[in-house]
Amino acid sequence: MVATPTKAKYDIKDINLAAQGRQRIEWAAREMPVVRQLQERFSKEKPFEGIRITACCHVTTETANLAIALKAGGADALLIASNPLSTQDDVAACLVADYDIPVYAIKGEDNATYHRHVQTALDHRPNIIIDDGSDVVATLIKERQHQMEDIIGTTEETTTGIVRLVAMLKDGVLTFPAMNVNDADTKHFFDNRYGTGQSTLDGIIRATNVLLAGKVAVVAGYGWCGKGVAMRARGLGANVIVTEIDPVRAIEAAMDGFRVMPMAEAAKQGDVFVTVTGNKHVIRPEHFEVMKDGAMVCNSGHFDIEIDLKSLGAKATEVKEVRNFTQKYTLPSGKAIVVLGEGRLINLAAAEGHPSAVMDMSFANQALACEYLVQNKGKLEPGIYNIPKELDQEIASLKLKAMGIEIDTLTPEQDEYINSWTVGT
């Protein structure tokens, strides 16, 4: 069956996958009531009329529902992939064929294709950039200075991207406002913890079919993502070790009941390793040297540099794909290290990413952050801004309503008490 002709330009795997993608997008929408409510409002109010929005995100069913909501609000939207292995090709096809949204994303695209798509994203001359890792913003600043005047602002939803934005601001090159979606309560409490926790283990299991019960799982990093992975691994019966560089988080991990030690020690004990730090070379040659034969390593941080795969590849006598997204590196000693998902985000490389229900809140934050930038165009100084508390509260309230949950409100007496200094015990 040939897909519906479209006016949108695109670079995707196969437009004839659109029908399959539409079914999956509609299935995800069932679990995204907050984004649906925003889409209904946007359709009436058209807050993005005349605004060009470029989104660099994982091209999944959840991202599709965000893109559809933005277009419903009047946006001239374009979407590229933020990771070479995270694209769902049928979703990309549906967005092009059924919604006339330009998409430049192919699962498994090489680095040259990815960088070409980043340039295409900037050719769109965006007013707002929705970024996932700050690659588009960084490229804009380094290579497209003449387009800076077009920018109203950017939104960023990853810890890695926020770290890069902070560095840009420190160096004086961030000349427009950036919305810190990553640190919204309705994002990191739920997306990072419950989304990353479940989807990471989903990716590991799909790639390997390994039984986690009884295994020693090493989680590198105990931020919100690390907390989620450690919690879910323990729930499946794994014996969890946490490695950290932050003493406060290390204490927290210990008090949460996990063993805490340096990676040099954990490397000797682990069966499965997951990196979620946002830094580079968390697992290095000295760690590979002491790992067990058959130890599995994977990453759930944004970029594929947390595991030093170049040094592992240089040392290996053979690299063999033994399952989809599963490669066995054989070392001179005869010992094998198994790498999952090429060191990229395992939850998106081998699985489908976060469940729709949790991305509902994350992408509601993205949508409202874009609206906030438009509403405050010309009023915000260059800098990094947290999502306003009232927007965070609005998202939480909409989510509770959709879940059929009611909560208490303060009585007038309680409200007066909590806002007064004259009434004591």
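Our subject is the structure that appears above.
Residues numbered from 1 in each chain as written. Predicted model: local features only at pLDDT ≥ 70, side-chain atom pairs only at ≥ 80, totals over all residues. Heavy atoms only, no water.

Peer 1: Tell me about the packing of aromatic side chains, and name the residues and values.
Peer 2: Taken as a whole, this structure holds five aromatic pairs when the rule is applied. When the centroid spacing of 6.4 Å and the interplanar angle of 75° are considered together, the rings of Phe189 and Phe190 count as edge-to-face. Classification of Phe189 by relative accessible area gives partly exposed; the value is 27%. Ring centres of Tyr222 and Phe258 lie 5.9 Å apart, and the angle between their planes is 65°; this geometry places the pair in the edge-to-face category. (Phe/Tyr/Trp six-rings, centres within 6.5 Å; stacked < 30°, edge-to-face > 60°. Buried < 20%, exposed > 50% of the residue type's maximum accessible area, 1.4 Å probe, protein only.)

Peer 1: A description of the sheet that holds strand β5 (residues 153-156) should follow, citing residues and the corresponding values.
Peer 2: Strand order in the open sheet made by the seven strands is β3-β2-β1-β4-β5-β6-β15, with parallel pairing throughout. The open sheet has two edge strands, β3 (103-104) and β15 (383-386), and neither has a second partner. Examined bridge by bridge, strand β4 (residues 128-131) and β5 share four bridges and lie parallel to one another. Paired with Ile129 across the two strands is Thr154, which belongs to β5. (Pairing = 2+ DSSP bridges. Helix = DSSP H or I, 4+ residues; strand = E, 2+ residues; numbered from the N terminus.)

Peer 1: Pulling in residues and values, what's your account of the sheet that holds strand β13 (residues 326-330)?
Peer 2: Taken in spatial order, the eight strands make up an open sheet running β9-β8-β7-β10-β11-β14-β13-β12, and their pairing is mixed. In this open sheet, the two strands that pair with only one neighbour each are β9 (259-260) and β12 (318-323). As defined by bridge partners, β13 adjoins strand β14 (residues 336-340) across five bridges and the pair is classed as antiparallel. The partner of Thr326 across the bridge, within β14, is Leu340.

Peer 1: Now, about a nonpolar patch on the surface: what can you tell me, with residues and values included?
Peer 2: Residues Leu410, Tyr417, Ile418 and Val423 make up a contiguous nonpolar surface patch of roughly 420 Å² in combined accessible area. You can see Val423 is positioned in the segment after α17 (412-418). (Patch = residues over 30% accessible without salt bridge, like charges linked within 9 Å, V, L, I, M, F, W, Y side chains within 5 Å. Areas by Shrake-Rupley, 256 points an atom, 1.4 Å probe, with all protein chains shown as cover. Salt bridge = Lys/Arg side-chain N within 4 Å of Asp/Glu carboxyl O.)

Peer 1: Could you give an account of the pattern of salt bridges, with specific residues and numbers?
Peer 2: Scanning the model with the defined rule gives 20 salt bridges in all. Asp135 is the partner of Arg164 in a salt bridge, and the nearest nitrogen-oxygen pair spans 2.6 Å. Of this pair, Arg164 sits in helix α7 (residues 159-170) while Asp135 sits in helix α6 (residues 135-143); the two residues are 29 residues apart in sequence, bridging distant segments of the chain. Between Glu352 and Arg206 there is a salt bridge whose closest N-O contact spans 3.4 Å. Here Glu352 is found in the loop between α14 (346-349) and α15 (356-375), whereas its partner Arg206 is found in helix α8 (residues 185-208), with 146 residues between them in sequence. Residue classification places Arg206 among the partly exposed residues on the basis of a relative accessible area of 41%. Connected through salt bridges with shared partners, the residues Arg24, Asp90, Asp202, Arg206 and Glu352 form a single ionic network.

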